[in-house]
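Okay, here's what each chain looks like letter by letter:
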Amino acid sequence: MRLPSALPVALLTAGLAGCGVSDAAPEPAPGPPSASPSAAAPAPEARNEFAGLAALALDRRYAALYTLESDGSSREIVAAVADDGTWRVDIPGGALGGTAGVTVIRVPAGLYQCTLSTPSAPVSPTCVRVAERGDKVPRRYDPRVQRLFRQWLPVFIDRKAPLAVSAVQPLAGVEGSCYAVDSVTAALDRPVDVGIYCYSADGMLTGARVDFGLLKLVRQVAGPKSLQLPGPEVAGEPMGLTAPPPAPLPSLVAPS
């Protein structure tokens, strides 16, 4: 994986060597996040505690390595938030049906999708702008993982948001306080990804269990001062989520 030179790579390298599917046996795929038997009834105290931790998370600056267990495999996710507010999330297998790595990065010029070099698919990164600075990744290009780190935090902080929050037992192998978060609106476009979110006392995301996988913090270091695009900006269509159609087979009929 090509990481920004400003990132403190030395402390993260040990976990980034493969940056693909891990050899470690993953835990069983998570079931529906809202079906946790350990969840207590939603309570105002839990909602307030959760909002407070989300406010701390919004101010955190870090570079962190996570594992994401999903569909019987484990991937390594790198997330970074810089001192100037720029942020980046590297997601191996996040595009083209899992065959391509993708970086989602926000810089002052806007929100970008960049190609991510991985051992199985080495590329020279290029970037396409997918949204203006205050917008979200369009659904057809959205790998979803980056939502866990920045996108949902303002919603978590907003005590008027239609959420039901209850304290639950910590996820296995995850430190900190965990909360089950559900939507209380019947709209199809839910305000957040329903699931279980875990934070340390100082607002570091330590784990999350949502419908697309189980995220766990491996290690973290101080964030860089700033983040820049990992490659040149280019025109064109961003990578989609589905795998490209197979190339047509060569014709076996000789031309007349």
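Let me sum up the structure you'll find in this document. (Residues numbered from 1 in each chain as written. Predicted model: local features only at pLDDT ≥ 70, side-chain atom pairs only at ≥ 80, totals over all residues. Heavy atoms only, no water.)

## A short note on unusual backbone geometry
Line of reasoning, step 1. The phi angle at leucine 96 is positive, at roughly 55°, despite the residue not being glycine.
Line of reasoning, step 2. Checked against the element boundaries, leucine 96 lands in the loop between β3 (87-95) and β4 (100-107).
Line of reasoning, step 3. Look at leucine 96 and you get partly exposed, because its relative accessible area is 23%.
Line of reasoning, step 4. One non-glycine residue, arginine 144, lies in the positive phi region at around 80°.
Line of reasoning, step 5. Here arginine 144 is to be found in the loop between β6 (127-131) and α3 (153-157).
Line of reasoning, step 6. Residue classification places arginine 144 among the partly exposed residues on the basis of a relative accessible area of 25%. (Helix = DSSP H or I, 4+ residues; strand = E, 2+ residues; numbered from the N terminus. Buried < 20%, exposed > 50% of the residue type's maximum accessible area, 1.4 Å probe, protein only.)

## Some thoughts on helix α2 (residues 44-59)
Line of reasoning, step 1. Taking 1.5 Å per residue, 16 residues should reach 22 Å; α2 reaches 23 Å between its end C-alpha atoms and fits that length.
Line of reasoning, step 2. The inward-facing, buried residues of α2 contact α3, β7 (163-168), β8 (177-183) and β9 (195-199). (Expected span 1.5 Å × (residues − 1). Contact = heavy atoms within 4.5 Å.)

## Focus on the state of the cysteines
Line of reasoning, step 1. Evaluated as defined, the whole model comprises two disulfides.
Line of reasoning, step 2. By sequence-ordered numbering of the bonded cysteines, the protein chain has its disulfides arranged as 1-2, 3-4. (Disulfide = S-S within 2.5 Å.)

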